[in-house]
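A closer look at the structure
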Amino acid sequence: MSAGSNDFLSRVPDPGVDLGVCPFTVDRVAMWHRWDQLTLLHWPYEPELVQSLLPRGLTVETYDGQAWVGLVPFIMEVRSAKGRVLRWPFRFPETNVRTYVTGPGGHSGVWFLSLESSRLGAVPGARLTYRVPYFWSRMSASRTGSTMSYASRRRWPGRRGTASRTTIEIGSEYSAEELSSFDHYLTARWAMYGSWGKSLLMAYATHEPWTLHRATAEWADELVAATGLPQPTGKPVAHWSPGVDVAIGYPHR
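Residues numbered from 1 in each chain as written. Predicted model: local features only at pLDDT ≥ 70, side-chain atom pairs only at ≥ 80, totals over all residues. Heavy atoms only, no water.

Quick word on the pairing of strand 9 (residues 163–173)
One ladder, built from seven bridges, connects strand 8 (residues 147–156) with strand 9; its direction is antiparallel. Counterpart to T147 in the pairing with strand 9 is E169. Bridge count for strand 9 against strand 12 (residues 213–221) is eight bridges, and the pairing is antiparallel. Within the sheet, the bridge partner assigned to S164 lies in strand 12 and is D221. (Pairing = 2+ DSSP bridges. Helix = DSSP H or I, 4+ residues; strand = E, 2+ residues; numbered from the N terminus.)

See below:
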């Protein structure tokens with residue numbers, strides 16, 4: 001479905017499926033990630049606005065008639081396919097701006113509007129291999145008690161100085177019974193897309209169900225608007241997680 005269509009896809013929960021559990025495994029693991037000390041902030045957008053930023057072949061997903069865009073800061077750990085620590089520094093802050101899409105094969109996944117990394121070596125590799133828009137940024141992520149703080153300022157490429165700052169107060173943990181289909185819509189995603197010319201790439205990313213906490217946020221962000229979307233307004237839907245271990249598959253068309 002091409003950009004500009006009004007036939008957006010609504011993710012309708014199947015009452016017989018646990019949306020928080022990945023329904024498959026990755027047989028050929030390219031690398032292992034740890035997405036640690038992770039925050040998800042989400043705002044609603046008109047689907048037409050988000051669709052206009054997607055490549056041909058991807059259709060924005062909606063929930064209750066709205067597309068959702070997330071600002072997701074966390075600490076990344078990277079290990080080899082066999083689980084070994086890599087030689088270069090393997091633990092560093094990242095932040096992504098993301099939305100949720102369905103590809104031409106009907107697979108639901110994440111489309112990254114941008115990704116910030118404090119590790120320069122990760123930027124060209126991810127851009128070339130997974131065809132996602134990584135940027136090198138000066139970043140920090142730290143926790144004091146129940147307060148988590150993240151900061152980012154872009155170095156290269158793109159508009160230098162684009163910044164984001166988020167402070168999270170971590171609340172109580174959700175029980176599995178408390179999590180709604182909307183909570184799973186915003187957090188439980190098992191694939192990611194990239195774009196290579198006129199072709200799409202997809203890679204699977206599988207992990208155990210999230211441990212999610214309630215959270216309240218204070219934020220000052222330029223990253224979402226830097227993607228071409230209007231500046232988000234209003235209180236975001238906020239989740240925090242201590243993290244998950246993730247099996248990343250190889251990209252394929």
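So that's the structure; there's more coming.
Thoughts on the side chain of H42
Looking at the element boundaries, H42 is found in strand 2 (residues 29–45). Reaching out from H42, the side chain makes a polar contact with the side chain of Y100 at a distance of 2.6 Å. (Polar contact = N/O pair within 3.5 Å; in protein donor to acceptor, adjacent residues only side chain to side chain.)

Overview of the pattern of salt bridges
A full pass over the atoms with the stated rule returns seven salt bridges. Residues R154 and E116 are paired through a salt bridge, measuring 2.5 Å at the closest nitrogen-oxygen approach. Here the residue R154 occupies a position in strand 8, and E116 occupies one in strand 6 (residues 108–117), the gap between them amounting to 38 residues. The exposure classification of R154 matches that of E116, with both residues buried. By sharing partners, the salt bridges in this structure join R34, D36, E77, R91 and D245 into a single network. (Salt bridge = Lys/Arg side-chain N within 4 Å of Asp/Glu carboxyl O. Buried < 20%, exposed > 50% of the residue type's maximum accessible area, 1.4 Å probe, protein only.)

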